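Fold and contact review
This is what each chain is made of:
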Amino acid sequence: MALEKLHAQRGSIAIVGAAESDRVGKLPGKSALALHAEGARNALADAGLKASDVDAVLSTGRQTANDVPEYLGIRPRYLDNTQMGGCSFIAHLQHALGIINAGVAEVVLITHGESGYSRVGMGSGDRFAPDTPPGQFEMPFGIGGPATRYALAAVRHMHEYGTTKEQMAQVAVATREWARLNPRAMMRDPITVADVLSSKEIAWPFNLLDCCLVTDGGGALVVTSAERAQSCAKKPVYVLGTGEASCHSIISQMPRFHVWDAAIMAGERAWAMSGVKHSEIDLAMFYDAFTIVPILALEALGFVEPGEGGPFVADGKTGPGGSFPMNTNGGGLSYTHSGMYGMYLLVEAVKQLRGECGERQVKDATTAICHGTGGILSASATAILSTER
Amino acid sequence: MADEYKAPLPNPTPDSKPFWDGLKAHELRIQRCKDCGDAYFYPRDVCPGCLSGNVEWFTASGRGKLHTFSIVYRPLKYPPLQAPYVLAMVELEEGPRMMSNLVGIEPDPAKIRCEMPVVIEYADVTAEVTLPRFRPAS
Ligand SMILES: [Zn+2]
C-alpha cells in the first residue's frame, strides 16, 4: 500500500534550480558558510526565484538547522539538518517531496557548502571521540581515514567475487576521461590502469588514484511542486522516485561487507516509486568516494548481478562514448570532492537533463539516476530524475 | 614504556566497561541475548537482534576467522603499530565480528587471506588499557 501511495507521487515535485559555488577546488578565501551561500544564490538565480520565495531550508554540515538560514537571511517555516553523510542532499530531496506534498512548504532550498581542503569556518567537534562507538571499537586499532574503512568492503568483495584491482582502476580511468571534458575539473590529465596501480599505496587495495579528491565547494537545489515549476525560469527536472536507508553507522558494524544493503533498500524504493526500468536510464551519477563504490552501486541497484560490477566496468563502457555514461562531471575522483559530495551528483544530473553540459553532454539524456553513499557505506540515498513526468 | 603509547585509546562507557575490564584481565567478554540467543558486539544494553534488554555477559573463546582486512600504509599521526600494519575484521567463533589488528604475519596482501583462522592475544598498551589483537592460529 505504501508503495502505491509513493508511486502516485511520481513526478509531483521538480528541481527548478541547480547550481554550484562560483568555483570549486582550493578556495582558502571562502568559509564553508560562504560556499553554502554561493550555491544558494546561484541556484535561486537559476530558478528565477528570490530568497523571499523560500519557505523551507534543508541543509547539513552545521551545528544547528538555524545556521544556514541565518547566514542567508532566510526565515524558513520548515528546517531539516539531516546528516547521514555525503548522500544527505539526495535524502533531502525525498524530505522535500514529503513536505511539499503535505503542504508544509512550497519552495524548498537544499544547500551544501564545505571547506574540505582549506578547513575554513568548519568548526570543530570530534565524531570519533574516545567515548563514542567508533572511538572505542575502531580508533584504537589505527583505522585511518575513509580509505581504510572502504577498503574493508573492497577486500571482501575481491574475496567473494574475484573483483580485481585492475577492474577498480578502470573506474578511475573512465572517470578521468569525463573530467578531461569538464573545464572546472581539478584533474584533467589522462591516466591509465597502470598509472592507478603504480600510484602511491594508501590502504590495501587502494592506491592514491583509487581515492577521491579533497577540495572546497558548495552547491544548492531549489525544489518545488510540479505545478509551480511550470512558471520557473528553466525546464523542470521532475523527481520520479526517491529512496533512502541506513544499515549501520561505523564500518565494523556493516552487515555484509561485500553487499551494500543500504543501497539495495534505497534503490528498491526509488525504482518502485518511479516505475522506471533500468533500460530507461540515460545517465548514472554514482558517488565515487573510492573506485569500489560505483561497482557496489551497480550491483545493489540491480544494473548487474552481484559480483558482476567489476567485469561490467572493466571495458571502459562508463566513459565518454560508452554505453553506460557514469559520473560525467569527472566524479569525486577527478572533478571535485568537498566532503559531502552528493550535491554535485544532483547538480550534474540536472544540467545533463537540461542539455547544459557542453563537450561532455550525454546526447538526448532524459532520465538519470543519482545514488550516494553516506558515512562508510552506512546510508544510501537514490533519486531518479527526468525531463518528463 | 606505557607512558609512550600515543595512539587513540578508548574511554569506556557504562555499557562497554565490562568488555574493557575483561581485556585487562586477558579475557574476551562479550554479550548475548537471553531471549533470542544471539551473541553480539559491540557491547550495548539492548540486543540488536530483537531489542530485548534481557542480555548477559560471557567469555568468548578468542578464536575466529579473518573476515576482511586492509593494510594501512599511511597511518594517522599516532598509529597503534608501526606502518604498514593490518587492520582486521575478525569474525568470532560465537558469531559477532569485531575490529582489531592482525599481527604475527607480514603485512603482505599475498600472504593474508580472508577466512584464515585467527586467535586473540592481549596487548597491555598502557597501565589501564589492554587491546585485543589477533594472530594466525597455528
Ligand atoms: Zn535478542
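Summary of the structure given here. (Residues numbered from 1 in each chain as written. Chains lettered and ligands numbered in written order. Predicted model: local features only at pLDDT ≥ 70, side-chain atom pairs only at ≥ 80, totals over all residues. Heavy atoms only, no water.)

Re the overall build of chain B
Let me state the cut-off plainly: A run of DSSP states H or I qualifies as a helix once it reaches four residues; a run of E qualifies as a strand once it reaches two. Both are numbered from the N-terminal end. Here the globule rule is a power law, 2.2 Å times the number of residues to the power 0.38, and the radius of gyration is based on C-alpha atoms. Burial classification: accessible surface area is computed with a 1.4 Å probe over protein chains only, and a residue below 20% of its type maximum counts as buried, one above 50% as exposed, and the rest as partly exposed. We call two residues in contact when some of their heavy atoms are within 4.5 Å. Residues scored as positive are Lys and Arg, those scored as negative are Asp and Glu, and His as well as the terminal groups of each chain are ignored. Where a charge lies is defined by one atom per residue type: Lys uses NZ, Arg uses CZ, Asp uses CG and Glu uses CD.
Along chain B, the regular secondary structure elements total 1 helix and 8 strands. Going from the N terminus to the C terminus, chain B shows its helices and strands as α-β-β-β-β-β-β-β-β. Scaling as 2.2 N^0.38, a compact globule of 138 residues should have a C-alpha radius of gyration of about 14 Å, and chain B matches this with 16 Å. Based on the C-alpha atoms only, the size of chain B along its principal axes is roughly 40 × 35 × 25 Å. In chain B, which comprises 138 residues, the proportion classed as buried is 46%. Across chain B, contacts joining residues at least 24 apart in sequence account for 51% of those joining residues at least 6 apart. Positive and negative charge centroids in chain B, built from 16 and 18 side chains respectively, lie 4 Å apart.

Considerations on the pairing of strand β6 (residues 97-102) of chain B
Residue and element names in this part refer to chain B. Using the following cut-off: For two strands to count as paired, DSSP must find a minimum of two bridges between them.
In terms of burial, β6 is a largely internal element, 6 of the 6 residues being buried. Of the strand pairs in this sheet, strand β5 (residues 85-92) and β6 are connected by 6 bridges, and their pairing is antiparallel. Residue M89 lies in a different strand from β6, and its bridge partner there is M99. Here β5 folds back onto β6 in antiparallel fashion, the turn holding 4 residues, of which G95 has a positive phi close to 120°.

Quick notes on the sheet that holds strand β1 (residues 13-20) of chain A
Strand pairing in a sheet relies on backbone hydrogen bonds. The paired strands run either parallel or antiparallel. Residue and element names in this part refer to chain A. Filter applied, for reference: To get an axis, a line is fitted to the C-alpha atoms, and for a helix only the part in contact is used. The angle between two axes follows their N-to-C directions and goes from 0 to 180 degrees.
If you walk across this open sheet you meet the 9 strands as β3-β2-β4-β7-β1-β8-β11-β10-β9, and the pairing is mixed. Across the chains shown, the open sheet's two edge strands, defined by having one partner strand only, are β3 (78-80) and β9 (283-286). For this sheet the average axis-to-axis angle between neighbouring strands, irrespective of direction, equals 25°. Across 9 bridges, the pairing between strand β4 (residues 107-115) and strand β7 (residues 216-225) is antiparallel. Note that in β7 the partner of S115 across the bridge is D216. Where helix α14 (residues 342-354) meets the sheet, its contacts fall on β1, β4, β7, β8 (237-246), β9, β10 (367-374) and β11 (379-386), and the angle it forms with β1 comes to roughly 110°.

Digging into the interface of chain B and chain A
Using the following cut-off: Accessible area that two parts lose when put together, evaluated with a 1.4 Å probe and summed over both, is termed the buried area. In what follows, salt bridge is the name for a side-chain nitrogen of Lys or Arg lying within 4 Å of a carboxyl oxygen of Asp or Glu. Polar contacts, as counted here, are pairs of nitrogen or oxygen atoms within 3.5 Å of one another; within protein the pair requires one atom able to donate a hydrogen and one able to accept it, and residues that are adjacent in sequence qualify only if both atoms are side-chain atoms. Asp, Glu, Lys and Arg are counted as charged, while Ala, Val, Leu, Ile, Met, Phe, Trp, Tyr, Cys and Pro are counted as nonpolar; the rest, among them Gly, fall into the polar class.
With 36 residues of chain B at the contact, the number on the chain A side is 32 residues. Carbon and sulfur atoms supply 65% of the area that chain B and chain A bury against each other, a total of about 3000 Å² over both sides. Put simply, chain B and chain A have 1 salt bridge between them. The shortest N-O distance in the salt bridge between E115(B) and R156(A) comes to 2.9 Å. Counting the contacts that link chain B with chain A gives 18 residue pairs in polar contact (both at pLDDT 80 or more). Elements supplying a minimum of two residues to the side of chain B that touches chain A: α1 (17-24), β4 (63-72), β5, β6 and β8 (130-136) of chain B. Partitioning the side of chain B that touches chain A into residue classes produces 24 nonpolar, 8 polar and 4 charged.

Re the pairing of strand β2 (residues 56-59) of chain A
All names here are of chain A. Note the cut-off: Looking down the strands as they point away from you, a crossover is right-handed if its path from the first strand over the helix to the second goes clockwise.
Here β2 shows no split at all, with A56 and L58 on one side and V57 and S59 on the other all buried. In this structure, β2 lies alongside β3, joined through 3 bridges in parallel fashion. Paired with V57 across the two strands is L79, which belongs to β3. Where the polypeptide runs from β2 across helix α3 (residues 67-72) and back to β3, its parallel neighbour, the crossover connection is right-handed. The pairing of β2 with β4 spans 4 bridges and is parallel. Bridge assignment links S59 to a residue of β4, and that residue is T111.

What to know about unusual backbone geometry
Generally, phi is negative for residues other than glycine and the peptide bonds are trans, each holding for most cases. Residue and element names in this part refer to chain B. The step from F41 to Y42 runs through a cis peptide bond, and the omega angle for that step is 5°. Among the secondary structure elements, Y42 is positioned in the loop between β2 (39-40) and β3 (55-59). Each neighbour pair has its own omega, and for A83 with P84 the value is -5°, a cis peptide bond. Mapping P84 onto the fold places it in the loop between β4 and β5. At L51, a residue that is not glycine, the phi angle is positive and equals roughly 65°. Relative to the assigned elements, L51 resides in the loop between β2 and β3.

Describing the sheet that holds β3(B)
Residues and elements named next belong to chain B. Strand order across the open sheet formed by 3 strands is β2-β1-β3, with antiparallel pairing between neighbours. Pairing within the sheet leaves two strands with one partner each, and these edge strands are β2 and β3. Across 5 bridges, the pairing between strand β1 (residues 29-33) and β3 is antiparallel. Looking at β3, one finds that Q31 is bridged to W57. Across the sheet, α1 is in contact with β1 and β3; its angle to β1 comes to roughly 140°.

Quick look at the layout of surface pockets
We count it as follows: Here a cavity denotes a set of grid points, spaced 1 Å apart and computed over the protein atoms alone, in which a 1.4 Å probe fits but from which it cannot get out, and a pocket denotes an open set meeting protein on both sides within 12 Å along at least five of seven lines; residues with an atom within 4 Å of a point are reported as lining. Grid points are joined across faces, edges and corners, and a volume is the space filled by probe spheres set on the points.
Each pocket or cavity is described by its volume, and for the second largest pocket that value is around 310 Å³. As for the second largest pocket, its lining consists of 16 residues, and the residues nearest its centre are Q253(A), Y40(B), F41(B), P96(B) and R97(B). Of the residues assigned to the lining of the second largest pocket, the class counts are 9 nonpolar, 4 polar and 3 charged.

Side note on the packing of aromatic side chains
Operational definition: Here a pair means two rings of Phe, Tyr or Trp (six-membered ring of Trp) with centres within 6.5 Å. Their orientation is stacked below 30 degrees between planes, edge-to-face above 60, and tilted elsewhere.
The final tally for this structure, using the stated rule, is 14 aromatic pairs over all chains. Taking the centre distance of 5.4 Å and the plane angle of 75° together, the rings of F137(A) and F41(B) count as edge-to-face. In this pair, F137(A) sits in helix α5 (residues 133-137) while F41(B) sits in the loop between β2 and β3, so the two residues belong to two different chains. Overall, the relative accessible area of 9% leaves F41(B) in the buried class. Here the aromatic rings of F137(A) and Y42(B) are separated by 5.2 Å at their centres, their planes lie at 5°, and the arrangement is stacked. Here F137(A), found in helix α5, pairs with Y42(B), found in the loop between β2 and β3, and the two come from separate chains. Comparing F137(A) with Y42(B) shows no difference in burial state: the two are buried.

What to know about the pattern of salt bridges
Pairing between side chains becomes possible if they bear opposite charge and their charged atoms approach one another. Residue and element names in this part refer to chain A. Applying the stated criterion to the full structure yields 25 salt bridges over all chains. A salt bridge links E177 to R180; its shortest N-O distance comes to 3.5 Å. When salt bridges with common partners are traced through the structure, they connect D46, K234, K351, R354 and E356 into a single cluster.

Remarks on the coordination of the zinc ion
Residues and elements named next belong to chain B. As a reminder, the rule being used: Each metal's donors are the N, O and S atoms found within 2.8 Å of it, except that Na, K and Ca use a 3.2 Å limit; water is left out, so coordination can look incomplete. Square planar and octahedral sites, with four and six donors, are those where opposite donors lie more than 155 degrees apart and all other angles lie between 65 and 115, tetrahedral sites have four donors with every angle between 85 and 135 degrees, and the rest are irregular.
Taken together, C33 (SG), C36 (SG), C47 (SG) and C50 (SG) make up the full set of protein donors to the zinc ion, lying 2.3 to 2.4 Å away. Each of the 4 donor atoms bound to the zinc ion contributes to angles spanning 105 to 122°, and the resulting shape is tetrahedral. Spacing between the donor residues of the zinc ion along the chain follows C-x2-C-x10-C-x2-C. On the criterion of sequence distance, the pair formed by C36 in the loop between β1 and β2 and C47 in the loop between β2 and β3 is long-range, its members being 11 residues apart. Since its relative accessible area comes to 1%, C47 is described here as buried.

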